[in-house]
Every structure is written in C-alpha cells, then in structure tokens.
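Coordinate inspection notes
As a plain string of letters, each chain reads:
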Amino acid sequence: MKTESFRSRFRKNLRVFSLARQISPGWIPLTISKSILAASIPYVTIFFSARIISELSGPCRPQQIEIYVFLALLSYAMLTAALRWLERKRDVLDSLEWSAWTKLLSDKRLSMDFQDLDDPHIMDQYSQIIQNNRYNGGGYCRAVWSMEGALTALIGVICAISLSVSLFMQKTSPGSPYGFLDHPLALAVVVIALLLTVTISPMIRTRSYDLMYGQTELATFDNRVFFHFRLFCIKRPECAMDIRIYEHQKISRDYIENDTVWDPGGPLAKISWGEGGLLEVLAEFISILAVILIYAFVCLKALGGAFGIGEVTQYVGAITALALNLSDLFNEIGRLHHNTKHLDRLYEYLDLPNRMYQGSLTTEKRSDRRYEVEFRDVSFRYPGSDQWALRHVSMKFSVGQRLAIVGENGSGKTTFIKLLCRLYDPTEGQILLNGIDIRKYDYQDYMQIFSVVFQDYKLLSFPLGQNVAASAEYDKERVYRALKDAGFDEKLSDMPKGIDTCLYHDYSDDGVDISGGEAQKIAIARALYKDAPFIILDEPTASLDPIAEAEIYEKFDVISGDRTAIYISHRLSSCKFCDEIAVFDEGQIVQQGRHDELLQEENGKYFELWNAQAKYYV
Ligand code: ADP
C-alpha cells in the first residue's frame, strides 16, 4: 500500500486550523497564549532556583538572595494566575466547542442531498466519525489536542535550549580528568544520544498506538449497539412500552456480551497486556536512559570544575525538561500522523458534494396560485436499488384540484410525492412546474410551495404553537385558526397553557401527552399554517378514530381552500370526494379519473380495490 506523503498529512492537519476557526473563533489565540505560559513556567522556576543555589553555595549575599526569592515568587505567582485565567476561559470554549463540533456535523446532514441520507456508506461514515471521536477523540478532537500538546512541547524545547546552551560553552579546569567532556565530539555524542533516545522512544510508543488505533473498527459495532439501545431507545418514551413488554434489553445485552472486544481476555486487553504494553515499557526505559546520560554529563563536568552547584541544578533541570519536551513533541507528531486517517473520513463527509442540480429560478409568487404540475414519463429507482419504484409515470394536474392517489402498499404513492417535493430527482423523465423543469428552480424557493403531512411525521417536544408554526416566533391568530381547521380546537381548550403548552415531557414538567390522532391533527395544522399553494396529506387519517376521520373528510374542503390538495390513501372511501383519482399499481399509474368513472371499469384495479374494501363501508 502506498504510504501517504508527509506534505499531504501536514496539509490535512493544517485544515484543522480552519475548522477550529469556524467551530470556535477564539480558540486558536487562547490556546497559543496558554501553551506559551504553561511551557515557560517550569523554566522560570529552574532559572531562579539555580541563581539562589549558586548564591547560597558561593558569595551568599543576603540582599541578592532576597531579590531572587522575591522575583521567583512574583513571576511564578503572576504567570500561574495568568495561566489559570486562560485555562478557565478555555474551559468555557471547550464546553461550547463540543456542541459547535456536533453542529458542524448536523449542519452537513441538514444540507446534504436528501438521497444521501439513505446512502449506507455515508451513514456509516457519519457514525464512524462519531464513534472514533468517542473512542479516543480520533479525528478533529485528537488533532486539536495533539496540536496543543505539540505547541506546548515545542515552546518547552526552545526554553530548555536557551537555558542549557551555556553548559556546552563552559570548560572544565585545566588538568581535570574530565577534560575530554570539553571536546566538541563529547558534545556531539550527547546531542546525538539525546536525539536518538527522544526519537526512538516516541517511535516505539507510536507503534503501540498503532496497535490500539488498529482496533477502532472492532469496537464500532459494540459502540453502535450501545449508542442505539442504551443512549437512544431507552431514553425515548415511545420505546418504553415495547421494551417493558418484550424486554428488548436482552437483545442488546446479548450483542454486548457476545462481543469480546472490551473483555479482560479480548483483543484490546491482549494488546495492553502483550505487545502494546511491552512497547510502552521499552519506550519509557529509553526515555530514562536519556535522563541518566544527561545527569552523568552535567555532574562530571561540574566535578571537572566547569561550573558550580547552582548551574548543575539549572542544566539538569533544563536538559531533563528538554528530553521530556522533545519526547512529547515527537509523540504528538506521531499521534497527528496516525490521526490523519480519521481526518480523511471527516473531510470526506464534510466535503460530500451536493450533486442535485440547484437552479436559480424563483417560483412565481402568484396571487391566483395558478400552478400546473406535470410528470412527464418519470421513472425512479432509489439509490442503491435495482427495482423501479416508479415506472413511466405521466400525469398533469393544476391548482385548485383535489387529487387522490390510491393503491396498495408499496405501489409508489409516497415515492411520487417525494419526487414532487424534490427530495429525490427522477432517474428518467422530467417533472415540470408551469412548463419548467423543477430542477431549474431555486431549491429553497421551490420547497416553499409545498405543505406535506408525511405518514411518519414528527412533532417536537416544544410548545404547541411553535410546533404548528415551525418557528419560535409566530402569529398566534393564525395558529389558532390552523388548529381549529384541523379539528384540534376541542383538545386545545383542555390544554393548561393553551398554545404555550409543551408537547410531551422532555423539556417541561407540565407538558402534555397526546394521542396519535391528536398528533396527526397538529401535523395537519402545521401544514395549514405554512399556507403553501400545495397541501399534500399522506395517509392523513391513518391514526384517527372513525369520528375524527369523518371530521377530516367533512373539513377537507375547508382545509384545502383554494390550494391544490393531494390526498394519498389506501382507504378508497376517503377519496370519493376528490376531483381526480390516480390509481397506482407496481409503480405505474394504471387508471385515472373520477370515482364513478373508475368504478365503471370492472376489470380495473380501482374496481378490484373498491370491492375488496367495500365490506368495511357497509
Ligand atoms: P407506498 O407509498 O405506495 O406504500 P412507496 O412509494 O413507499 O409505496 O414504495 C414504493 C417502492 O419503493 C416499494 O417497493 C418500496 O419498498 C420501495 N422503497 C420505498 N422507500 C425506499 C427507500 N428509501 N429505498 C429503497 N426502496 C424504497
């Protein structure tokens, strides 16, 4: 396999800065200032300690010692206070950063082509990004943590070098047996040994990370089951009854118990106890070798008379810190190197292009609501499917009509609506609005002309009024009218805070539970509030009781007003009152006409469906 160049990895990591700027604008300057302070504080202490010890072991001038002590305490106190202040500010940003990061991912989900939401590869990528982040911050978080660590280490290296260069300048006393340490070769040996130990140790540690990172995929399934069942299902009130009755937790428990990834004898534990653990020990041992070497070099030079006890403290402290910081620097570089494959996944997801053609025409805001829609020989296959969901569908309808779409389950009714609302583009053929291909209209503008109540609509645990208006700010009068037209007025009078009452109990103790039928009426009211020229009801009466269903039929004319209403149902009795009925069968329109006309065709699908259901209508 071709290994990726350093330059390409560097570029990918560099892009993290622009993400960080986008996610949390103040994060970069704050982190740089914090790193500078955190890295330099230990050296201030080393510097003044060396001066004080030199003074104590040499001239021992009380006034000079007092000055050093005062400066040491003052600088330490001020720098530490500044560091703590920056840390608190960063803590606030960090807590906001998490939500900003998840928002970045959610925004992408909201803006990607709708059909990509169905794509298993893209959805897998999304859950893998979340999963990697939970596993060890892999991806964005690991990159920012490691960059911060690398920066702190780099500043530490610079400070350590500036405090230790004089070590190599100072010569031992003439005739000292340790005079060989003044030779440039001795200096070279020390520097090379130091570099080797600080590079070999991180390389070994990186190999150990490699082993652990390599297991990320193994933990994916377990984490998904955990996330789906324990964090999602268990929290949802609508799942609670089924979980109690069928004890669904047993399925999740079985999955998790049979998955040995996290077990003491599982692959992760084996790596920790085995090769991974041994590599960590070896890496630590090599780091300690560097420290021993430094101590030996400094102490022998001091014995040779090159400098006093104060400098010994400074050099030992500075060079030990140099070794540790170099080791940290290489460790973080190694982590960044490994993290690029997680960044790849993140970037692939964020850079996913919108392939649906986005036109720029505005849909004419016609006061007469004169719109004509035509399906011209439209065929459609869902992405990844080789079955036609719709085949050669041609149909025209104009505004003000009541159009019913009937057919058995799976005959393509909902797919027809999804194409009309441009959630998907036809695989073949065209859909025209007032004679123009709907792809040429501005997408957001085109969406404005439809109000849809999907079969599996969702209401949110917010106040009723916000649910109806789909907005935090709304026109109360219009909300009341929409709820009344949808037949929700009776229930509304029982609600403790009227339209300010929260639905469900997620965010409010005095929220209310609503039945399926009531929820459906609210969903219809939401569609009415939008006041779009097209209103589409997909099986709108499915969860209504017979009385509520009859109520909706009676009100259907009021509900529709001067809008074009498309009414999908497999209950034929509910479609009798429509101007036009399109009968779908296996993805095709097999009949079209009024109820009476269609019943005349005794060999037709409509006749067959009607007779099959007729026994329920008598
Ligand atoms: P209806 O609304 O009449 O019950 P649909 O339009 O939902 O039928 O479905 C038409 C066909 O398309 C069915 O065969 C169904 O299995 C298939 N289908 C629906 N949704 C998807 C999807 N997201 N991916 C693949 N096939 C789908």
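Residues numbered from 1 in each chain as written. Predicted model: local features only at pLDDT ≥ 70, side-chain atom pairs only at ≥ 80, totals over all residues. Heavy atoms only, no water.

**With respect to the overall build of the chain**
Within the chain, the regular secondary structure consists of 21 helices and 10 strands. By the compact-globule yardstick of 25 Å for 618 residues, the chain is too spread out, its C-alpha radius of gyration being 36 Å. In terms of overall dimensions, the chain has a C-alpha envelope of 125 × 55 × 55 Å along the principal axes. Expressed as a percentage of the 618 residues in the chain, the buried residues total 47%. Total accessible area on the chain is roughly 32,000 Å²; 59% of this is exposed by carbon and sulfur atoms. Treating the 66 positive side-chain charges of the chain as one cloud and the 78 negative ones as another, the clouds have centres 6 Å apart. (Helix = DSSP H or I, 4+ residues; strand = E, 2+ residues; numbered from the N terminus. Rg over C-alpha atoms; globule rule 2.2 N^0.38 Å. Buried < 20%, exposed > 50% of the residue type's maximum accessible area, 1.4 Å probe, protein only. Areas by Shrake-Rupley, 256 points an atom, 1.4 Å probe, with all protein chains shown as cover. Lys, Arg positive; Asp, Glu negative; His and termini not counted. Charge placed at Lys NZ, Arg CZ, Asp CG, Glu CD.)

**Thoughts on the site of the ligand**
Surrounding the ligand, one finds Asp 118, Tyr 382, Ala 389, Glu 408, Asn 409, Gly 410, Ser 411, Gly 412, Lys 413, Thr 414 and Thr 415. Gly 410 places a polar main-chain atom, nitrogen or oxygen, 2.7 Å from an oxygen atom of the ligand. Within the backbone of Gly 412, a nitrogen or oxygen atom sits 3.1 Å from an oxygen atom of the ligand. Relative to its unbound accessible surface of 560 Å², the ligand loses 61% to contact with the protein. (Near = heavy atom within 4 Å. Polar contact = N/O pair within 3.5 Å; in protein donor to acceptor, adjacent residues only side chain to side chain.)

**Some words on the sheet that holds strand S2 (residues 388–398)**
Read from one edge of the open sheet, four strands run S2-S1-S4-S5, paired in antiparallel fashion. The sheet terminates laterally at S2 and strand S5 (436–437), the two strands that pair on one side only. The sheet contact formed by strand S1 (residues 372–381) and S2 spans seven bridges and is antiparallel. Bridging across to S2, Arg 381 finds its partner in Trp 388. Packed on one face of the sheet, helix H13 (residues 413–420) meets S1, S2 and strand S4 (428–433) and runs near 65° to S2. (Pairing = 2+ DSSP bridges. Contact = heavy atoms within 4.5 Å. Axes fitted to C-alpha atoms, helices over the stretch in contact; angles between N-to-C directions.)

**Structural notes on the nonpolar core**
In terms of nonpolar packing, the biggest core is built from 43 residues, with Leu 464, Val 468 and Leu 483 touching the most fellow members. Among the elements that make up this core, the one with the highest residue count is helix H18 (residues 516–530) (eight residues). For this core, the domains that each give at least three residues are domain 2 (364–449 + 532–618) and domain 3 (461–531). For Val 468, the contacting residues outside a window of four places in its chain are Val 479, Ala 482, Leu 483, Ile 522, Ala 525, Arg 526 and Tyr 529. In terms of nonpolar packing, the next biggest core, distinct from the first, is built from 34 residues, Ile 431, Ile 438, Tyr 443 and Ile 568 among them. (Core = buried A, V, L, I, M, F, W, Y, C linked by side-chain atoms within 4.5 Å. Domains from an automatic or database assignment.)

**A short note on unusual backbone geometry**
The phi torsion at Asn 434 lies on the positive side, around 45°, for a residue other than glycine. With respect to the element layout, Asn 434 can be found in the loop between S4 and S5. With a relative accessible area of 24%, Asn 434 lands in the partly exposed category. The phi dihedral of Asp 531 is positive, around 55°, even though this residue is not glycine.

**Let's talk about the packing of aromatic side chains**
Using the criterion set out here, one finds 16 aromatic pairs in the structure. Between Phe 114 and Tyr 424, the ring centres sit 5.5 Å apart and the planes meet at 90°, which makes this aromatic pair edge-to-face. With Phe 114 in the loop between helix H3 (62–111) and helix H4 (120–136) and Tyr 424 in the loop between H13 and S4, the pair connects residues that are 310 residues apart, well separated along the chain. What makes Tyr 424 buried here is its relative accessible area of 1%. Through a chain of ring-to-ring contacts, the aromatic side chains of Phe 397, Tyr 441, Tyr 446, Phe 450 and Phe 534 assemble into a single cluster. Across the ring face of Tyr 126, the terminal group of Arg 109 is positioned such that the distance to the ring centre comes to 4.6 Å. In this structure, Arg 478 is placed above the aromatic ring of Tyr 529, and the distance from its NZ or CZ to the ring centre is 4.0 Å. (Phe/Tyr/Trp six-rings, centres within 6.5 Å; stacked < 30°, edge-to-face > 60°. Lys NZ or Arg CZ within 6 Å of the ring centre and 35° of its normal.)

**Some points on a nonpolar patch on the surface**
Together, Ile 67, Phe 70, Leu 71, Leu 74 and Met 78 make up a nonpolar patch on the protein surface, roughly 470 Å² of accessible area in all. In this fold, Leu 74 is placed in helix H3. (Patch = residues over 30% accessible without salt bridge, like charges linked within 9 Å, V, L, I, M, F, W, Y side chains within 5 Å. Salt bridge = Lys/Arg side-chain N within 4 Å of Asp/Glu carboxyl O.)

**Here's the deal with the pattern of salt bridges**
Taken as a whole and assessed by the stated rule, the structure comprises 24 salt bridges. Salt-bridge contacts for Glu 275 lead to Arg 207; the nearest nitrogen and oxygen are separated by 3.4 Å. Taken together, the residues span a long stretch of sequence, with Glu 275 in helix H11 (residues 275–303) and Arg 207 in helix H6 (residues 184–213) at a distance of 68 residues. The salt bridge involving Glu 428 is made with Arg 391; its shortest N-O contact spans 3.4 Å. Taken together, the positions of Glu 428 in strand S4 and Arg 391 in strand S2 put the pair 37 residues apart, joining distant regions of the chain. Look at the salt bridges and you will find they share partners, linking Lys 34, Arg 90, Asp 94 and Glu 148 into a network.

**A short note on the pairing of strand S8 (residues 564–569)**
Within S8, six of the six residues are buried, which leaves it mostly tucked inside the rest of the structure. Neither face of S8 is exposed, since Thr 564, Ile 566 and Ile 568 on one face and Ala 565, Tyr 567 and Ser 569 on the opposite face are all buried. As paired elements, strand S3 (residues 402–407) and S8 share five bridges and run parallel to each other. Counterpart to Ile 405 in the pairing with S8 is Ile 568. The sheet contact formed by strand S7 (residues 534–538) and S8 spans five bridges and is parallel. Bridge pairing links Leu 537 to Tyr 567 in S8.

**Details of the domain arrangement of the chain**
By the assigned domains, the chain splits into domain 1 (6–350), domain 2 (364–449 + 532–618) and domain 3 (461–531). The C-alpha-based centres of domain 1 and domain 3 are spaced at 51 Å.

**A word on the side chain of Gln 314**
Along the chain, Gln 314 falls in helix H12 (residues 309–350). With relative accessibility at 6%, the residue Gln 314 sits in the buried group. With residues up to four places along the chain from it excluded, the contact list for Gln 314 reads Ile 46, Phe 47, Ala 50, Arg 51 and Leu 163.

**Quick look at the environment of Arg 381**
Along the polypeptide, Arg 381 turns up in strand S1. In this structure, the C-alpha to C-alpha distance between Arg 381 and Pro 426, residues 45 residues apart in sequence, is 8.0 Å. Ignoring any residue separated from it by four or fewer positions in sequence, one finds Arg 381 in contact with Asp 386, Gln 387, Trp 388, Ala 389 and Thr 427.

**Here's the deal with the sheet that holds S8**
Pairing is mixed across the open sheet formed by six strands, whose spatial order is S6-S7-S8-S3-S9-S10. In the strand order of this sheet, the two ends are held by strand S6 (450–453) and strand S10 (588–593), each with one partner. Adjacent strand axes in the sheet meet at a mean angle of 15°, parallel and antiparallel pairs treated alike. Of the strand pairs in this sheet, S6 and S7 are connected by four bridges, and their pairing is parallel. Within the sheet, the bridge partner assigned to Val 452 lies in S7 and is Ile 536. Sitting on the sheet, helix H21 (residues 605–614) touches S3, strand S9 (580–585) and S10, and the angle it makes with S9 is about 90°.

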